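# A look at the structure
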Amino acid sequence: MWHHPRTGSRPDVSEASRYQPQAIESRWQQAWEEAGLNATPEAEGADTFYALSMFPYPSGNLHMGHVRNYVITDVVARVQRMRGKQVLHPMGWDAFGLPAENAAIERGVDPGAWTDRNIASMREQLKQLGLSIDWDREVATCHSDYYRWTQWLFLQFLDAGLAYQKDATVNWDPVDQTVLANEQVDSEGRSWRSGALVEKRKLRQWFLKITAYADQLLDDLPKLEGWPERVRTMQANWIGRSTGAELTFDVVDAEGAATGERITVFTTRPDTIYGASYVVLAPEHPLVGTLTAESEGIHVEAFCDLVSRQSEQERTAEDKPKRGVPIGAQVRNPANGELIPLWIADYVLAEYGTGAVMGVPAHDQRDFLFARQYELPVKQVIIPEGSDEHAFEGGAWTEAGVLIHSGPFDGMASTEAKAAITAAAEDQGWGKGRVQFRLRDWLISRQRYWGCPIPVIHCDSCGVVPVPNDQLPVQLPRDVAFSAKGGSPLAQLESWVQVDCPCCGKPARRETDTMDTFMCSSWYFLRYSDPKNTELPFTPKAVNRWLPVNQYVGGIEHAILHLLYSRFFTKVLRDRGLLGFDEPFSRLLTQGMVQGITYKNPKTGKYIAPGDVADPTDPRDPITGDVLDTFYEKMSKSKYNGVDPAVVIDNYGADTARMFILFKAPPEKDLEWDDADVEGQFRFLQRIWRLVDGALHRGLCLAGAPVAIDTANLTPAEKELRRAVHTAITEISDDLDGEYQFNTAVSELMKLSNAMGDHLESSGEAVATEALRTLLILLAPFAPHLAEELWLKLGGRSEADPLAGGSVHRQSWPMADATALVRDTIPLVIQIKGKVRGNLEVPADADKATLQKLALESDVAAKWLEGKAPSRVIVVPGKLVNLVP
RNA sequence: GGGGGCAUGGCGAAAUCGGUAGACGCAGCGGACUUAAAAUCCGCAGGCCGCAAGGCUGUGGGGGUUCAAGUCCCCCUGCCCCUACCA
């Protein structure tokens, strides 16, 4: 991968003046840690800023996506500190989960020890990046001093009536041998973790009643102005609120007499009820058995059997024709009294709404297709405004319109008829308005060992009994037997399961399900505010002081899962009086992927490692000689396109890696890893090193108070340099406010460095030291080690200084001097009818009339206007004059 | 089908309010230094025509508004992401 390793191959020109990141980075990391530079300040009342990255799963290996995430957050945290904010910038571990348990099954290692080893190794890798993290606040969700409070919070939900058990058809992952929440199954019906096709099973499981907060979770989305629009849209779609009505159809016998059974359908279009020509039930609908006529029994049974054998994916594939069978029963349309047949069909889902729909073929595309297939009547009851009734050839009319064939509602606008018909149904007792959500309750049970035990006890006499607070945590037992056969190891450990009921004292049994790990990650950002509290998960004072998180940074893959659950937790805990805010994350940045260069043989479909490609300008398969496809894709082992952060740090240092990642692309866009660009970034840091080296040889020094600048007597070079310095301050400050634009901020550092290359030597001490001081301070958040090292070399602090005070990272963010930006003359653009035709150097403070006069007198005007007076002149002071002939 | 986003040199990208398109960097080319190479430094560089001065053209395509459009409006095309029989 690394064709040109820097280390060792460079000639030893001058040992003292070479930039060797390997020599300085670990030294500073250690010095900062000893000096407590990154400790969270605790002064009362001061301005706070909470910068947070999504915490990682401790797989043991840091990858580039992590690096990008944490570097972005680190720059934000460092800049806020330099701006005088008290900053909380913590890190922790999302440490429960299946990889640890699988390691236990495959290699017999203890999941806890395995996880702790991984944490230790990842922590070391993270520290090599020079992140300004307060490691004193580290949390790991698998440690009992943390999960004790996850359990405590679960009991809060239980107490609030928001945690409950029910029998439900749930998603079963046959590979991971556990159930999954709806959010954790993708659109193809596969597990988010294992990728296995999930199966449906009926099991008794624990749920959290997130649906009770569906309205709030939806209605508060517009408040999240600091969130990307698309994340808010995804959450809104996921919650999926539909406003409509439940309408009840009486089942009637062959003579038209009510049998007493009723079918309730959910519809968003009660205005179309007069067009209902049949009613369809899901094959799993509980009334299918009782309502099916004997004559249809065989067909119905066969059909239900067929449907149940189909996977969710097969059943919901849109290109499949909709299939169904009549069940030999009929219902009465409550609006017009018509008798219409009852069907079952595969396109009706048992889990949504009431599991039954009314078929209105004229105004619903699915019903239309179904009706055409089975020759069911299509009855139009809504016509487009201003049009006549006409036949529907192509499809259903699903837009708004005017009602026809709808009894007393004829002529009414369909938008009004929704409410009118719902009201009539309520009056007459055959329906009521209803809001339906797509969002289901959150299934949190997992039949696995390495998770947080659900702290309840099942007693034959007392029912479900919460484990009393003084008996928390319910510790995960360590002496369990793992096997690949599945089933929870906890359920097989009788010594752990058997317990006395805390209520009545009789023998009882522990709950053996553990919690979904998303439970653990739904509140870790709260714990960082008070990570060592042994009495509570956090005090209201601590949590309200630091939260909501000012800037949250993480991947888009959590747009629904983690971010929705965390919002739910926050709202529940607010209602329990545990915290005083509605939303946990004020601003959210979803960083783009890190992609690696990928080679693929289009003939064989095989991926080729970049190391096996001899000539990147003409990539060929080393075996077959075929020309390879070259593209960028998310780094992954199977595509051989990954770049190991450790290798980059070894070769170039963390500062180069940080700078490259920030410079190469805007943070929310995908980033194409490119070795040549990494080289370029290293060269830039080298140039800064040499720049400072030159200044040292000249005897420049930053010790003591800055030398006063005599602004009235600056040479042209000094004026240029000062303008560059203060432009950089202005631009970089802007880039770090509002929308983060680290890429252009780094560009500005480069421009400043270029200007210093041109003018530093010819500038006097006062201006030169101002430039050096500013460059290092502006550089500090991006390349913290290099900035600190050069700050030391230039005497910005002495060796004797207590580090915390003298560090470049403790300097205030500089203020731009507006007078340094002022120019005497500016180039004025001369346009003729909007086209640029030339430039004119004019006094910067010239007024409009002067500019117009100068422009009209210019050679450009003479050439293009040919002596004629322009019909119109537009003057934009400071920019241009446009002459329109 | 629904929703969201994107489209700018060979490449990554930049361009607060409509006001010099391509900053900054990568790759490339030319030069200096060197016995030579690397490194470093200086310079060139959207495309077309031209010796040059200069001109024409150019932000996916087409139209529009405007003195002036990458930016605003309408239509179209292509790509990416999410979601999907949700009644």
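Note: the structure precedes this text.
Residues numbered from 1 in each chain as written. Chains lettered and ligands numbered in written order. Predicted model: local features only at pLDDT ≥ 70, side-chain atom pairs only at ≥ 80, totals over all residues. Heavy atoms only, no water.

## Thoughts on the pairing of strand 7 (residues 199-208)
- Sheet topology places strand 5 (residues 163-173) next to strand 7; 10 bridges connect them, and they run antiparallel. In the strand pairing of strand 7, Asn171 is matched with Lys200.
- Judged from the 2 bridges that link them, strand 7 and strand 17 (residues 442-443) form a sheet pairing that is antiparallel. Each residue of the ladder has a partner; that of Leu208, found in strand 17, is Trp442. (Pairing = 2+ DSSP bridges. Helix = DSSP H or I, 4+ residues; strand = E, 2+ residues; numbered from the N terminus.)

## Topic: the pairing of strand 11 (residues 324-332)
- As paired elements, strand 8 (residues 241-252) and strand 11 share 3 bridges and run antiparallel to each other. What sits directly across from Val251, in strand 11, is Val331.
- By the bridge criterion, 7 bridges tie strand 11 to strand 12 (residues 339-345) in an arrangement that is antiparallel. The residue bridging Pro326 from the neighbouring strand is Trp343, located in strand 12.
- Between strand 11 and strand 12, which pair antiparallel one after the other, the connecting turn spans 6 residues, and Gly337 there sits at a positive phi close to 75 degrees.

## A few points about the protein's contact with RNA strand B
- Neighbouring RNA strand B are 57 residues; Thr268, Lys322, Tyr352, Arg366 and Asn882 lie closest to it.
- Among the atoms of RNA strand B lying within 4 Å of the protein, the sugar-phosphate backbone contributes 65%.
- At 3.0 Å from a phosphate oxygen of RNA strand B is found a side-chain nitrogen or oxygen belonging to Lys669.
- Within the side chain of Asn754, a nitrogen or oxygen atom sits 3.2 Å from a phosphate oxygen of RNA strand B.
- When its residues are assigned to classes, the surface near RNA strand B shows 19 nonpolar, 15 polar and 23 charged. (Near = heavy atom within 4 Å. Polar contact = N/O pair within 3.5 Å; in protein donor to acceptor, adjacent residues only side chain to side chain. Nonpolar A, V, L, I, M, F, W, Y, C, P; charged D, E, K, R; others polar.)

## Looking at the packing of helix 7 (residues 229-239) against helix 17 (residues 561-575)
- It is at 11 Å that the axes of helix 7 and helix 17 come closest, and there the two elements cross at 75 degrees. Classified by the angle between their axes, helix 7 and helix 17 sit roughly perpendicular to one another. Two secondary-structure elements touch here, helix 7 through Val231, Gln235, Trp238 and Ile239 and helix 17 through Leu563, Leu564 and Arg567.
- Counted by class, the contact of helix 7 with helix 17 contains 5 nonpolar, 1 polar and 1 charged residues. (Axes fitted to C-alpha atoms, helices over the stretch in contact; angles between N-to-C directions. Parallel < 35°, antiparallel > 145°, perpendicular 65-115°, else oblique. Contact = heavy atoms within 4.5 Å.)

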